[in-house]
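# Descriptive structure summary
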Amino acid sequence: MRTIKTPEIIDAVAAMCIKANTELPDDVRAKFEEAMAKETSESAKEVLRQLLENADLAMETKLPLCQDCGLAVFFVEVGDDVRIEGNLREAINEGTRKGYADGFLRKSACDPFTRVNTGDGTPAIIHLDFTPGDKLKIFYMAKGGGSENMSRATMLAPAQGWEGIKEYVVNRVAEAGPNPCPPTIIGIGIGGTFEHAAKIAKKSLIRRLDDTHPDPEIAAKEQELEEAINKLGIGPMGLGGSTTVLSVKMSVEPCHLASLPLAVNVQCHSQRHEEVEL
Amino acid sequence: MAEFKLNTPLTDEDIAQLKAGDVVFLSGHIYSARDAAHKKLIDLLDAGKELPFDLKGAAVYYVGPSPAPPGRPIGSAGPTTSYRMDSYAPRLHSLGLKATIGKGKRNDETRKAMEDHTAVYFGATGGAGALLSNSIVDSKVIAFDDLGPEAVREMTVKDFPLLVINDCHGGELYAVPDRKAAGIE
Ligand code: SF4
């Protein structure tokens, strides 16, 4: 048993919040550069140029890349041989509070009815899981409202199959149009139950943009969707172009005999993510 | 596609010359307001009270900036998605609002209101909040301080870079998704 004390977790979480919001991750930057080289539309190139300039400026000034510093979403993997001294959930929330305050990040959590801001960026959205080993792994994502609002979940009939899934996903991106700040990243969850599909759709978004799904069949489906979506021609900020998505990431799990759950989680180009292993 | 340098307050002539796709560098005062502030503005109008700023010739920026760090007038300040303000925009246009600044599509009523009242919808690059903050030289909260990031701010902008998305002649810049090419039609 390894013991991890909460102050270590608090500091690590706060540092991740600040870094992710001010430094564009290298995988996202590489995708911008790749798109810039491929795009033929002038307006598309201009948007990508601005996004790269924005990233340089954020890095230099420590201003957030985007004013919407999102809800703080965490995927946490607790090793079986780890003991947390103190409360893990509270430590993550405290780290979020600290990061959002110290980093001058926007606090965007509010009461759904009164719309009164909670004032400190919490509560964070925390998904816990358990893995072998004696490490604590924490993934952080700043999830903006504009792209989250364009996300949907549905329960398809099993007979609709892959064609039904494809039609739903591509249609969702078409309907979202310029709203979620394209070029986007599409996280897809297929299977499980209603809520589980949404959770694994979100979890798909913690993958690096340049990775390939280990299952070649799923990797091919991701590719098929990416190509279809990019043919929509929505382009960066909806101004037209061949870069509507930067990447499609899919998670597939078994489901009920009667169901085909599908969730589409739209993430904007401001794909702010970080991870730490303690 | 033409380029213009415009100053607030905006006039009908300023707006009428603009076409979807034109680039505008805007200077002067603009007012930030998003969801919660719009609701309060409309409540004030319903109560027959005065608004915290003059709508005549005004430009409203749909933005909730991040907190200003020491030494800067404002934090990161890019646009939020505009459709959420569509239920309020037509009324404000009818009272003299000349321009809104945001990102994403507007609904039919808002587009019609822009045609009826000679107004325009500008797009700013979403997710480029650090870059856009460079064109904001001053900012002060003028109403609804309790709303935090959603408070109404008077921002002084210098050559704020904008793209005309909807002009007052029914023109729109956004690409129409090609569902056929994508194989879903
Ligand atoms: S969708 Fe993303 S990039 Fe666009 S404003 Fe929201 S958080 Fe920022």
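Source: prediction; values computed, not measured. (Residues numbered from 1 in each chain as written. Chains lettered and ligands numbered in written order. Predicted model: local features only at pLDDT ≥ 70, side-chain atom pairs only at ≥ 80, totals over all residues. Heavy atoms only, no water.)

Moving on: the packing of helix 1 (residues 6-22) of chain A against helix 4 (residues 88-102) of chain A. Residue and element names in this part refer to chain A. Between helix 1 and helix 4, whose axes approach to 7 Å, the crossing angle comes to 40°. When the axes of helix 1 and helix 4 are compared, the pair comes out oblique. Considering how the two elements wind past one another, helix 1 and helix 4 form a crossing that is right-handed. Note on element contacts: helix 4 touches helix 1 through L88, A91, I92, E94, G95, T96, K98, G99, Y100 and D102, opposite T6, I9, I10, D11, V13, A14, C17, I18 and N21. (Axes fitted to C-alpha atoms, helices over the stretch in contact; angles between N-to-C directions. Helix = DSSP H or I, 4+ residues; strand = E, 2+ residues; numbered from the N terminus. Parallel < 35°, antiparallel > 145°, perpendicular 65-115°, else oblique. Left-handed = near helix turned anticlockwise from the far one by under 90°. Contact = heavy atoms within 4.5 Å.)

Here we take up the interface of chain B and chain A. Contact with chain B, which involves 44 residues of that partner, is made by 42 residues of chain A. Counting each side, the surface lost to burial between chain B and chain A is near 3300 Å², with a carbon and sulfur contribution of 62%. Counting the surface chain B buries against chain A, the share from its top three residues, G127, L131 and I184 of chain B, is 16%. Across the chain B-chain A interface, the total number found is 1 salt bridge. Here E175 of chain A and R179 of chain B are joined by a salt bridge, their closest N and O atoms 3.8 Å apart. Along the contact surface separating chain B from chain A lie 16 residue pairs in polar contact (both at pLDDT 80 or more). For the side of chain B that touches chain A, the elements supplying multiple residues, two or more each, are helix 5 (129-133) and strand 7 (152-166) of chain B. (Buried area = accessible area lost by both parts, 1.4 Å probe. Salt bridge = Lys/Arg side-chain N within 4 Å of Asp/Glu carboxyl O. Polar contact = N/O pair within 3.5 Å; in protein donor to acceptor, adjacent residues only side chain to side chain.)

Moving on, we come to the environment of T8 of chain B. Residue and element names in this part refer to chain B. Relative to the assigned elements, T8 resides in the loop between strand 1 (3-7) and helix 1 (12-16). Classification of T8 by relative accessible area gives buried; the value is 17%. Separated by 23 residues in the primary sequence, T8 and Y31 place their C-alpha atoms 11 Å from one another. There is a polar contact of 2.8 Å between the side chain of T8 and the backbone nitrogen of H29. (Buried < 20%, exposed > 50% of the residue type's maximum accessible area, 1.4 Å probe, protein only.)

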